[in-house]
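Chain residues, written in single-letter form:
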Amino acid sequence: IGPQLSRQVTALDDAVDDAFDHLRGNPVADRVSYSASALGDFSLIWAFLGSARGLRSDRDADAAVRLLVCLGLESALVNGLIKSLLPRRRPANEGDHPFHLRTPKTASFPSGHASAGFTAATLLADGQRAPGRYGWYGLAVLVASSRIHTRAHHASDVLAGAALGLVLGRVAKRAWPLSEQDG
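What you are looking at is a predicted structure, and each value in this text was computed from that prediction instead of being measured. (Residues numbered from 1 in each chain as written. Predicted model: local features only at pLDDT ≥ 70, side-chain atom pairs only at ≥ 80, totals over all residues. Heavy atoms only, no water.)

**Here we look at the nonpolar core**
Trp46, Leu67, Leu71, Ala120, Leu124 and Trp136 are the most contacted members of the largest nonpolar core, which has 24 residues in total. Mapped by element, the contributors of at least two residues to this core are helix H3 (44-53), helix H4 (58-85), helix H5 (112-124), helix H6 (132-149) and helix H7 (155-175). The dominant element in this core, judged by the number of residues it contributes, is H5, at seven residues. (Core = buried A, V, L, I, M, F, W, Y, C linked by side-chain atoms within 4.5 Å. Buried < 20%, exposed > 50% of the residue type's maximum accessible area, 1.4 Å probe, protein only. Helix = DSSP H or I, 4+ residues; strand = E, 2+ residues; numbered from the N terminus.)

**Quick notes on the packing of helix H1 (residues 3-21) against H7**
Interhelical geometry of H1 versus H7 gives an angle of 100° and a closest axis separation of 8 Å. Of the possible angle classes, the one that applies to H1 and H7 is roughly perpendicular. For the pair formed by H1 and H7, the contact residues are Val9, Leu12, Asp13 and Val16 on the first element and Ala155, Ser156 and Leu159 on the second. For the contact of H1 with H7, the class distribution of residues is five nonpolar, one polar and one charged. (Axes fitted to C-alpha atoms, helices over the stretch in contact; angles between N-to-C directions. Parallel < 35°, antiparallel > 145°, perpendicular 65-115°, else oblique. Contact = heavy atoms within 4.5 Å. Nonpolar A, V, L, I, M, F, W, Y, C, P; charged D, E, K, R; others polar.)

**So, unusual backbone geometry**
With omega at -10°, the peptide bond leading from Phe109 into Pro110 counts as cis. You can see Pro110 is positioned in the loop between H4 and H5. For the bond running from Ala130 to Pro131, omega is 5°, close enough to zero to count as cis. Note that Pro131 resides in the loop between H5 and H6. Within the chain, Ser43 stands out as a residue other than glycine whose phi angle is a positive 60°. If you trace the backbone, Ser43 turns up in the loop between helix H2 (27-40) and H3. Classification of Ser43 by relative accessible area gives buried; the value is 11%. Here the phi dihedral of Arg151 falls at roughly 60°; this positive angle occurs in a residue that is not glycine. Relative to the helices and strands, Arg151 is located in the loop between H6 and H7. Look at Arg151 and you get buried, because its relative accessible area is 16%.

Take a look at the structure:
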């Protein structure tokens, strides 16, 4: 990217990181963020919630299969291809982590937690009415922002991952529509 855009991205990352500083060290914020980050590892939270919901009906079972397949494809694309093409360093780890945090071996850009979360939220919200559908996006925001709180990602990594996840989720919905019946 060009020098001007690079400076703007760095300024955004620094401003968001500074905003998170007032939450770091807060026992509740730390516990919630580290837990959300851990649950987002390998898309565990999305696989569990989608699979559990899949027990309700045939349509939900189909939705669970679609979710699991799409999360596998999303992971291969983001963690396998995109991160290898755009090898950005993760934020500097300043100080100790108050809770265990798995150290990712992939590059920082884009955030796989954010892309998986927003892909999953888009698919899990499919066919749901408000306000329930917005809960999935709220959970995706929590998991994605936890990566900033724990300093596993820069804010721009998370924003790019969220945008990518929204696009992937919409593409998946068009490519693999579910039946309208509740089975």
